[in-house]
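Residue-level structure breakdown
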Amino acid sequence: MDWKTFAVVFGTVFLAELGDKTQLATILFAGKTGGSVLMVFVAASMALVASTALAVTAGAMLGHYVDTRYLTMAAGVGFIVIGLWTVLSAFQP
């Protein structure tokens, strides 16, 4: 097992997920369910696993046809655009 890859992916995804909309929604669901926090945990975990499986599958397929440098650039530009949109929306009334 490649522990360096594991650590980089785990750390990156963990930090990216902290405070995102999905985590906030999960916090709200856990707070609203009267004692069914285990079900919220299981459902949220399964949803994250399913979406991650989709992303890994798509990435593996795209990696065969598109140079990964272009995928990296596209992801970087996407993060910058989302970041700018988030900052600009903070100044909207």
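For the structure itself, look to the data block above.
Residues numbered from 1 in each chain as written. Predicted model: local features only at pLDDT ≥ 70, side-chain atom pairs only at ≥ 80, totals over all residues. Heavy atoms only, no water.

1. Overview of the pattern of salt bridges
- If you walk through the whole model with that rule in mind, you get one salt bridge.
- Across the salt bridge formed by D67 and R69, the nearest N and O atoms sit 2.8 Å from each other. (Salt bridge = Lys/Arg side-chain N within 4 Å of Asp/Glu carboxyl O.)

2. Examining the packing of helix α2 (residues 21–32) against helix α3 (residues 37–65)
- In the contact formed by α2 and α3, the axes pass within 8 Å of each other and the chain directions differ by 155°. As judged from the angle between their axes, α2 and α3 are roughly antiparallel. Of the two possible hands of crossing, α2 and α3 adopt the one that is right-handed. From α2, T26, F29 and A30 reach across to α3, where they touch V37, V40 and A44.
- Grouping the constituent residues of the contact of α2 with α3 by class yields five nonpolar, one polar and no charged. (Axes fitted to C-alpha atoms, helices over the stretch in contact; angles between N-to-C directions. Helix = DSSP H or I, 4+ residues; strand = E, 2+ residues; numbered from the N terminus. Parallel < 35°, antiparallel > 145°, perpendicular 65-115°, else oblique. Left-handed = near helix turned anticlockwise from the far one by under 90°. Contact = heavy atoms within 4.5 Å. Nonpolar A, V, L, I, M, F, W, Y, C, P; charged D, E, K, R; others polar.)

3. Re the layout of surface pockets
- Each pocket or cavity is described by its volume, and for the largest pocket that value is around 580 Å³.
- Surrounding the largest pocket, 15 residues form its lining, V9, V13, T52, A55 and V56 being those nearest its centre.
- Among the secondary structure elements, those contributing two or more residues to the lining of the largest pocket are α1 (3–17), α3 and α4 (68–90).
- The element best represented in the lining of the largest pocket is α1, accounting for six residues.
- Here the residues of the lining of the largest pocket sort into eleven nonpolar, three polar and one charged.
- Considered as a void within the structure, the second largest pocket measures approximately 500 Å³ in volume.
- Lining the second largest pocket are 19 residues, and of these E17, T22, Q23, A44 and L48 lie nearest its centre.
- Looking at the lining of the second largest pocket, the elements with two or more residues in it are α1, α2 and α3.
- If one sorts the elements of the lining of the second largest pocket by residue count, α3 sits on top with eight residues. (1 Å grid on protein atoms, 1.4 Å probe; cavity = no way out; pocket = protein on both sides within 12 Å on 5 of 7 lines; lining within 4 Å. Points joined across faces, edges and corners; volume = space filled by probe spheres on them.)

4. Notes on a nonpolar patch on the surface
- Together, M1, W3, F6, F10, F14, L15 and L18 make up an exposed nonpolar region whose accessible area comes to about 860 Å².
- As for its placement among the helices and strands, F6 is situated in helix α1. (Patch = residues over 30% accessible without salt bridge, like charges linked within 9 Å, V, L, I, M, F, W, Y side chains within 5 Å. Areas by Shrake-Rupley, 256 points an atom, 1.4 Å probe, with all protein chains shown as cover.)

Without other data, these values stay purely geometric and don't point to any function.
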